[in-house]
Amino acid sequence: MKSLLLIFCMMVTVALNAQIDTSKTALLLIDIQDFYFAGGSTELINPLEASNNAQKLLSDFRNKKQIIVHIKHGDGNGAGIHANVAPQAGEKVIVKNEVNSFLNTDLLPFLRENGITDLVLCGMQTHMCLEAATRAAADFGFNCTVIQDACATRDLTFNGKTVNAQDVQLSTLATLKSYARILNTAEYLDHKD
């Protein structure tokens, strides 16, 4: 009987240690701003769907009282954070003027001061600011998870050829898998703990 109890205790200890330490995980909501939505100056493909998924992540982080960082690119017309993911009092908001959220901001010191080791990233545009933040975060030693269906991008043109948004999204995520786990919202929320 003692040996069964000992084995049970060991299994519980292993299971508890295998769970993510949510106190060391932060959510980065990158540039989910009004100008990317219908009628904005830089409309993306499916930004509303992406913001709805980001909202699910945001609700989960709020319910668990985890660190949330809202990042927005610049100020001015249309630069407001979209209502689906609007910050609440006490949540960190960073205004940046670069593609990389870490460049010339207090993001890195804020994360380090709060003991953050793991980042969940989502936002807009997938191929620009989301990608830059993910690569930089990985270079700084953070464990990164990108939530693919909480990101949005747009068609791009180069050398007279247009690459549709779906292909831009897929190619960006394909390269980011070297820097981050790539999950969808349901996968992340279902397997988080």
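So, here is what we can say about the structure in this document. Here the structure is a predicted model, which is why all the values come from computation and not from measurement. (Residues numbered from 1 in each chain as written. Predicted model: local features only at pLDDT ≥ 70, side-chain atom pairs only at ≥ 80, totals over all residues. Heavy atoms only, no water.)

## Structural notes on the packing of aromatic side chains
Per the counting criterion, the structure on display carries 4 aromatic pairs. Ring geometry for Phe 102 against Phe 140: centres 5.3 Å apart, planes inclined by 50°, an arrangement best described as tilted. With a gap of 38 residues between them, Phe 102 in the loop between strand E3 (92-96) and helix H3 (107-113) and Phe 140 in the loop between helix H4 (126-139) and strand E5 (143-152) connect regions that are remote in the sequence. On the accessibility criterion, Phe 102 (9% relative accessible area) is buried. The partly exposed category is assigned to Phe 140, whose relative accessible area is 38%. (Phe/Tyr/Trp six-rings, centres within 6.5 Å; stacked < 30°, edge-to-face > 60°. Helix = DSSP H or I, 4+ residues; strand = E, 2+ residues; numbered from the N terminus. Buried < 20%, exposed > 50% of the residue type's maximum accessible area, 1.4 Å probe, protein only.)

## Remarks on the pattern of salt bridges
Counted under the stated rule, the structure contains 6 salt bridges. With a closest N to O distance of 2.7 Å, Asp 106 and Lys 92 form a salt bridge. Residue Asp 106 is located in the loop between E3 and H3, and its partner Lys 92 is located in strand E3; the two are separated by 14 residues in the primary sequence. (Salt bridge = Lys/Arg side-chain N within 4 Å of Asp/Glu carboxyl O.)

## A few points about unusual backbone geometry
Residue Gln 125 is reached from Met 124 by a cis peptide bond, and omega for that bond is -15°. Turning to its location among the elements, Gln 125 is positioned in the loop between strand E4 (118-124) and H4. Backbone geometry places Lys 65, a non-glycine residue, at a positive phi of 55°. The topology assignment puts Lys 65 in the loop between helix H2 (47-63) and strand E2 (67-73). Assessed through its relative accessible area of 74%, Lys 65 is described here as exposed.

## What about the sheet that holds strand E8 (residues 181-183)?
If you trace the 6 strands from one edge of the open sheet to the other, you get E3-E2-E1-E4-E5-E8, paired in parallel fashion. Bordering the open sheet on either side are E3 and E8, each of which pairs with just one other strand. Between one strand axis and the next, the sheet turns by 20° as a mean value, whatever way the strands run. Of the pairings in the sheet, the one linking E4 to E5 comprises 6 bridges and is parallel in character. Bridged to Val 120 within E5 is Thr 145. Those strands touched by H2 are strand E1 (25-30), E2, E4 and E5, and its axis lies near 140° from that of E5. (Pairing = 2+ DSSP bridges. Axes fitted to C-alpha atoms, helices over the stretch in contact; angles between N-to-C directions. Contact = heavy atoms within 4.5 Å.)

## With respect to the packing of H4 against helix H5 (residues 165-176)
Running from amino to carboxyl end, H4 crosses H5 at an angle of 10°, the nearest separation of the two axes being 10 Å. When the interaxial angle is binned, H4 and H5 end up roughly parallel. Touching Thr 126, His 127, Leu 130, Glu 131, Thr 134 and Arg 135 of H4 are Val 168, Gln 169, Thr 172, Leu 173, Thr 175 and Leu 176, all from H5. A per-class count over the contact of H4 with H5 returns 4 nonpolar, 6 polar and 2 charged. (Parallel < 35°, antiparallel > 145°, perpendicular 65-115°, else oblique. Nonpolar A, V, L, I, M, F, W, Y, C, P; charged D, E, K, R; others polar.)

## Thoughts on the nonpolar core
Within the largest apolar cluster, 50 residues are counted, with the highest numbers of intra-cluster contacts made by Leu 29, Phe 102, Leu 111, Leu 119, Cys 122 and Phe 142. Elements supplying a minimum of two residues to this core: E1, H2, E2, H3, E4, H4, E5 and H5. Excluding residues that lie within four positions of it along the chain, Leu 29 makes contacts with Ala 54, Leu 58, Ile 68, Val 69, His 70, Ile 71, Val 85 and Cys 122. (Core = buried A, V, L, I, M, F, W, Y, C linked by side-chain atoms within 4.5 Å.)

## A word on the side chain of Ser 101
Along the chain, Ser 101 turns up in the loop between E3 and H3. Given a relative accessible area of 0%, Ser 101 falls into the buried group. When neighbours within four sequence positions are excluded, Ser 101 is seen to be in contact with Ile 30, Ile 71, Lys 96, Leu 107 and Ala 133.

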